[in-house]
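An overview of the molecular structure
Here is what each chain is made of, one letter per residue.
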Amino acid sequence: MRKFITTVAAAAIVAALGFAATPTIADGHAGGWVLDPELSNISFGSIKNDYVGESHTFGKTSGTVSADGAVTIELGLGSVQTNIDIRNERMVEFVFNNAPNATITAAIDMEALNALPVGGSTTIDTEGTLSLLGVENDLEASFFVMRLSDDQVLVDSNGMVMLSTEDAEIDAGIDKLQELASLDGITRVSPVTLRLIFNAGN
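Reference entry: report on the structure contained in this document. (Residues numbered from 1 in each chain as written. Predicted model: local features only at pLDDT ≥ 70, side-chain atom pairs only at ≥ 80, totals over all residues. Heavy atoms only, no water.)

The next thing to look at is the pattern of salt bridges. Two side chains that carry opposite charge are able to pair once their charged atoms sit near each other. In total, this model carries five salt bridges according to the counting rule given. Its salt-bridge partner being Lys48, residue Glu54 comes within 3.7 Å of it at the nearest N-O pair. Residue classification places Glu54 among the partly exposed residues on the basis of a relative accessible area of 21%. Linking Arg87 and Glu54 is a salt bridge whose minimum nitrogen-to-oxygen distance equals 2.8 Å. With Arg87 in helix H2 (residues 85–95) and Glu54 in strand E3 (residues 52–58), this pair connects stretches of sequence that are 33 residues apart. The structure contains a network of salt bridges with shared partners spanning Lys48, Glu54 and Arg87. (Salt bridge = Lys/Arg side-chain N within 4 Å of Asp/Glu carboxyl O. Buried < 20%, exposed > 50% of the residue type's maximum accessible area, 1.4 Å probe, protein only. Helix = DSSP H or I, 4+ residues; strand = E, 2+ residues; numbered from the N terminus.)

Let us now look at the pairing of strand E10 (residues 152–157). For a regular strand, the rule is simple: side chains alternate between the two faces of the sheet. Sheet analysis places strand E9 (residues 135–149) next to E10, joined by six bridges and oriented antiparallel. Among the inter-strand pairings, Phe144 is bridged to a residue of E10, identified as Asp156. Counted along the chain from E9 to the antiparallel partner E10, the turn is two residues long. Here five bridges tie E10 to strand E12 (residues 189–200), and the two strands are oriented antiparallel to one another. Considered in E12, the bridge of Gln152 is made with Asn199. (Pairing = 2+ DSSP bridges.)

A few words now on the side chain of Ser157. Considering the arrangement of structural elements, one finds Ser157 in strand E10. A distance of 3.1 Å separates the side chain of Ser157 from the backbone nitrogen of Leu194, its partner in a polar contact. Ignoring sequence-local partners within four residues, the contact set of Ser157 consists of Ser142, Phe143, Val192, Thr193 and Leu194. (Polar contact = N/O pair within 3.5 Å; in protein donor to acceptor, adjacent residues only side chain to side chain. Contact = heavy atoms within 4.5 Å.)

Where like charges cluster on the molecular surface, the negative patch consists of Asp125, Glu127, Glu136, Asp138 and Glu140. Those elements giving two or more residues to the negative patch turn out to be strand E8 (121–132) and E9. When you line up the elements, Asp125 lands in strand E8. (Patch = residues over 30% accessible without salt bridge, like charges linked within 9 Å, V, L, I, M, F, W, Y side chains within 5 Å. Areas by Shrake-Rupley, 256 points an atom, 1.4 Å probe, with all protein chains shown as cover. Lys, Arg positive; Asp, Glu negative; His and termini not counted. Charge placed at Lys NZ, Arg CZ, Asp CG, Glu CD.)

A contiguous nonpolar patch, built from Met160, Met162 and Val189 and spanning about 300 Å² of accessible area, is present on the exposed surface. Within the secondary structure, Val189 sits in strand E12. Its relative accessible area of 42% is what places Val189 among the partly exposed residues.

As structure tokens, this is what we get:
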């Protein structure tokens, strides 16, 4: 199974999956559910030279879950934020090869979970597929889901998701970053955390 390091991508979808199954059943929102990018956050970590840990994010994420359980998540690869401008540019060019988006898709069994009441929560295991630079990555993880209101759901990573650059086939790009920054090393496994808020569609 390949696991995508660019963090977000992976995390976002699985989260969407789990959330989707629950609220749609409860109220049967015909418009499905829409990711709220202002309230959501996806972060991934890295360690350089064995001792310096850093946290990074993606600023542009969108997604929907249809009433019949079709999940589509788009991740803006050009929006990666590492807090260093030149590093942002290098990641976009050398790791993501200037690709605009990573796409996550899945099909949800809408009867797999019972409806959650407002304030109710559950933990779910989810699966999906991430498409990045022509490589299909199978994804699975565990997520905490809580219904905040009739029209809003929180999805949070149940612990950290550990993702491998080798499995995602982006090691060459990481090698280039290491060379350009004159580093002795960059970790090839990245911890990912996420907080996603979904709102009921119209």
